[in-house]
Amino acid sequence: EAGVTQFPSHSVIEKGQTVTLRCDPISGHDNLYWYRRVMGKEIKFLLHFVKESKQDESGMPNNRFLAERTGGTYSTLKVQPAELEDSGVYFCASSHSTVTPSYEQYFGPGTRLTVT
Amino acid sequence: AQSVTQPDIHITVSEGASLELRCNYSYGATPYLFWYVQSPGQGLQLLLKYFSGDTLVQGIKGFEAEFKRSQSSFNLRKPSVHWSDAAEYFCAAHNNAGNMLTFGGGTRLMVKP
């Protein structure tokens with residue numbers, strides 16, 4: 001069984017540009033999460049999808065960030081326009097159950113975003 | 001506010017020595033607790049988890065963790081460290097009302113030959 005995959009593994013963009021990160025969850029996992037680790041800080045929750053619906057987006061830092069999950073499969077996280085403070089590692093995770101709280105989240109390798 | 005604290009940012013141990021990584025949590029009720037490990041170039045891998053019951057939990061790669069309610073701690077241990085254990089370790093928690101994980105800041109483990 002394939003794990004959570006993320007693309008690209010590393011992205012370097014200039015301030016003001018747009019970047020789109022992609023996450024493919026484990027097949028059959030309805031829950032999909034985005035987290036971010038800014039340099040020197042802890043990993044922080046961004047948002048949670050259940051299938052194609054946003055369940056919780058309380059961690060999204062501002063309206064420059066847009067997450068989508070078309071058809072309840074893969075998800076994209078777009079940053080537009082990117083700012084220097086957006087640099088960090090963006091993790092995606094998925095988990096199985098939609099009926100009860102999902103305790104085990106499986107993480108991807110992350111996308112390292114560098115904004116110059 | 002809910003929080004998870006890992007007091008040690010870096011730890012260096014000799015190969016074969018025992019290891020203990022500290023984790024403290026601050027939650028209104030006992031949360032569900034996890035330890036993850038991230039090796040270079042890899043994603044976060046779940047080492048072990050605690051939901052309820054036996055307070056000493058066994059995980060993969062020879063790791064164990066002990067939940068101590070009185071100390072609000074969930075420390076990770078390994079009796080004999082291998083060079084391949086060098087990685088960054090994250091303690092995390094969530095309550096049963098939500099799905100988001102709250103992470104500690106991570107502890108980077110270095111292993112001396």
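Participant: If you had to explain the overall build of chain B to someone new, which residues and values would you point to?
Facilitator: In terms of regular secondary structure, chain B is built from 0 helices and 12 strands. Ordered by position in the sequence, the α and β elements of chain B form the string β-β-β-β-β-β-β-β-β-β-β-β. Over its C-alpha trace chain B gives a radius of gyration of 13 Å, about what one expects of a compact globule, namely 13 Å for 113 residues. Taking the principal axes of the C-alpha coordinates as reference, chain B spans close to 45 × 30 × 20 Å. Within chain B, buried positions represent 48% of all 113 residues. Sequence-distant contacts in chain B: of pairs separated by 6 or more residues, those separated by 24 or more amount to 53%. For chain B, the distance from the average position of its 9 positive side-chain charges to the average position of its 8 negative side-chain charges is 2 Å.

Participant: Which residues make up the packing of aromatic side chains, and what values do they have?
Facilitator: Counting across every chain of the model gives 17 aromatic pairs over all chains. Taking NZ or CZ as reference, A:Arg22 lies 3.8 Å from the ring centre of A:Tyr74, over its face.

Participant: Which residues make up the state of the cysteines, and what values go with them?
Facilitator: Applying the stated criterion across every chain yields a total of 2 disulfides over all chains. There is a disulfide in this structure between A:Cys23 and A:Cys92, and the S-S distance comes to 1.8 Å. On the S-S bond that ties A:Cys23 to A:Cys92, the torsion sits near -65°, and the link is left-handed. A residue pair is termed long-range when its members are at least 10 positions apart, and A:Cys23 in strand E3 (residues 19-24) and A:Cys92 in strand E9 (residues 88-95) qualify at 69 residues. A:Cys92 gets classed as buried once you look at its relative accessible area, which sits at 0%. A sulfur-sulfur distance of 2.0 Å marks the disulfide that ties B:Cys23 to B:Cys91. In this structure, the disulfide formed by B:Cys23 and B:Cys91 twists by about -65° around the S-S bond and is classed as left-handed. Of this pair, B:Cys23 sits in the loop between strand E3 (19-21) and strand E4 (24-26) while B:Cys91 sits in strand E10 (residues 87-94), and the two are 68 residues apart along the sequence. Both residues of the pair, B:Cys23 and B:Cys91, belong to the buried class.

Participant: Just give me the short version of the sheet that holds strand E1 (residues 5-7) of chain A, but keep the residues and values in it.
Facilitator: Residue and element names in this part refer to chain A. With antiparallel pairing, 4 strands are arranged side by side in an open sheet as E1-E3-E8-E7. Because the sheet does not close on itself, it has two edges, and the strands there are E1 and strand E7 (65-68). Strand-to-strand twist of the sheet, defined as the mean angle between neighbouring strand axes without regard to direction, takes the value 15°.

Participant: Quick rundown of the interface of chain B and chain A? Include the residues and the values.
Facilitator: Tallying the contact residues gives 21 residues for chain B and 17 residues for chain A. Here chain B meets chain A over a buried area of about 1600 Å², counting both sides, of which 59% is carbon and sulfur. If you sort the residues of chain B by the area they bury against chain A, B:Leu44, B:Asn99 and B:Phe103 come out on top, with a joint share of 33%. Our count for the chain B to chain A interface comes out at 2 salt bridges. Between B:Lys49 and A:Glu104 there is a salt bridge, with the nearest N and O atoms lying 2.9 Å from each other. Between the two partners, chain B and chain A, sit 5 residue pairs in polar contact (both at pLDDT 80 or more).

Rules used in this analysis
Residues numbered from 1 in each chain as written. Chains lettered and ligands numbered in written order. Predicted model: local features only at pLDDT ≥ 70, side-chain atom pairs only at ≥ 80, totals over all residues. Heavy atoms only, no water. Helix = DSSP H or I, 4+ residues; strand = E, 2+ residues; numbered from the N terminus. Rg over C-alpha atoms; globule rule 2.2 N^0.38 Å. Buried < 20%, exposed > 50% of the residue type's maximum accessible area, 1.4 Å probe, protein only. Contact = heavy atoms within 4.5 Å. Lys, Arg positive; Asp, Glu negative; His and termini not counted. Charge placed at Lys NZ, Arg CZ, Asp CG, Glu CD. Phe/Tyr/Trp six-rings, centres within 6.5 Å; stacked < 30°, edge-to-face > 60°. Lys NZ or Arg CZ within 6 Å of the ring centre and 35° of its normal. Disulfide = S-S within 2.5 Å. Pairing = 2+ DSSP bridges. Axes fitted to C-alpha atoms, helices over the stretch in contact; angles between N-to-C directions. Buried area = accessible area lost by both parts, 1.4 Å probe. Salt bridge = Lys/Arg side-chain N within 4 Å of Asp/Glu carboxyl O. Polar contact = N/O pair within 3.5 Å; in protein donor to acceptor, adjacent residues only side chain to side chain.

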